[in-house]
Amino acid sequence: MTAAGDGPWLDDAAGRLVRPFTVSNGRTRPTVALDLVSQVMATGATPLGYLGPEHTQALERCRVPVAVAEVAAHLTLPVAVTKVLLADLVDCGALTTKPPAFHHNPTDRALLEAVLDGLRRQL
């Protein structure tokens, strides 16, 4: 079992010992509109007030522009929870966000098939 300060509380047999939605105090809706490919990046501003360990871990991941989905994967948290955490950081000025810049139609069939092929190769 890992120590409390070493990241998410995990047990080899039981898995996560803290339910994901306790990380966001039960909140399921972020205050900022974010989607899976929205880019977030640390502003360098020091957040005021209490931040939980997951907030700190998310902020560390955002030293360079990164997609919301990637932050969720690194934190091993559901995307809905990650969006709430990231929105908290945006609200306190520690993160900035921007929508993805698509140079073509994001619902283009060829693009969607390429993404699906990439995902299949990863599995």
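These lines cover the structure that appears in this document, whether it is placed above or below. Small disclaimer: the values here were computed from a predicted structure and weren't measured.

Side note on the side chain of H55
Position of H55 among the secondary structure elements: in helix α2 (residues 53-61). Residue classification places H55 among the buried residues on the basis of a relative accessible area of 9%. In this view, H55 contacts L85, D88 and L89; residues no more than four positions away in its chain are not counted.

A word on the pattern of salt bridges
Summed over the entire model, instances satisfying the criterion amount to two salt bridges. Across the salt bridge formed by R63 and E60, the nearest N and O atoms sit 2.4 Å from each other. Classification of E60 as partly exposed rests on a relative accessible area of 43%.

Structural notes on unusual backbone geometry
For T76, which is not glycine, the phi dihedral falls at a positive 50 degrees. Relative to the assigned elements, T76 resides in the loop between α3 (68-75) and α4 (79-91). Among the residues examined, T76 registers a relative accessible area of 52% and is labelled exposed.

Here we look at the environment of V90
Locating V90 in the fold gives a position in helix α4. Note: C-alpha distance between V90 and V32 (58 residues apart in sequence) is 7.7 Å.

Some points on the nonpolar core
Ranked by internal contacts, the top residues of the largest apolar core, which has 19 residues, are V40, C62, V71, L86, L89 and L95. Counting only elements with at least two residues in this core, the list comes to α2, α3 and α4. In terms of residues, this core owes the most to one element, α4, which gives six residues.

Some remarks on the packing of α3 against α4
Each pair of packed helices gets described by two things: the angle between the helix axes and the distance between those axes. Packing of α3 against α4 brings their axes to within 9 Å, and their N-to-C directions diverge by 110 degrees. When the axes of α3 and α4 are compared, the pair comes out roughly perpendicular. For the pair α3 and α4, the contacting residues are V68, V71, A72 and L75 in the first and V79, T82, K83, L85 and L86 in the second. Partitioning the contact of α3 with α4 into residue classes produces seven nonpolar, one polar and one charged.

Description of α2
Taken as a whole, α2 has its buried residues at E54, H55, A58 and L59. Each buried residue of α2 lies within a common arc of 140 degrees when the element is viewed along its axis, so the set occupies one face.

A few points about the sheet that holds strand β3 (residues 39-42)
Reading across from one edge, β4-β3-β5 is the order of the three strands in this open sheet, with antiparallel pairing throughout. Edge positions in the open sheet fall to β4 (66-67) and β5 (95-98), since each of these has one partner strand only. Where β3 meets β4, two bridges bridge the pair, whose relative direction is antiparallel. Note that in β4 the partner of Q39 across the bridge is A67.

The rules behind the values
Residues numbered from 1 in each chain as written. Predicted model: local features only at pLDDT ≥ 70, side-chain atom pairs only at ≥ 80, totals over all residues. Heavy atoms only, no water. Helix = DSSP H or I, 4+ residues; strand = E, 2+ residues; numbered from the N terminus. Buried < 20%, exposed > 50% of the residue type's maximum accessible area, 1.4 Å probe, protein only. Contact = heavy atoms within 4.5 Å. Salt bridge = Lys/Arg side-chain N within 4 Å of Asp/Glu carboxyl O. Core = buried A, V, L, I, M, F, W, Y, C linked by side-chain atoms within 4.5 Å. Axes fitted to C-alpha atoms, helices over the stretch in contact; angles between N-to-C directions. Parallel < 35°, antiparallel > 145°, perpendicular 65-115°, else oblique. Nonpolar A, V, L, I, M, F, W, Y, C, P; charged D, E, K, R; others polar. Arc of directions from axis to C-beta. Pairing = 2+ DSSP bridges.

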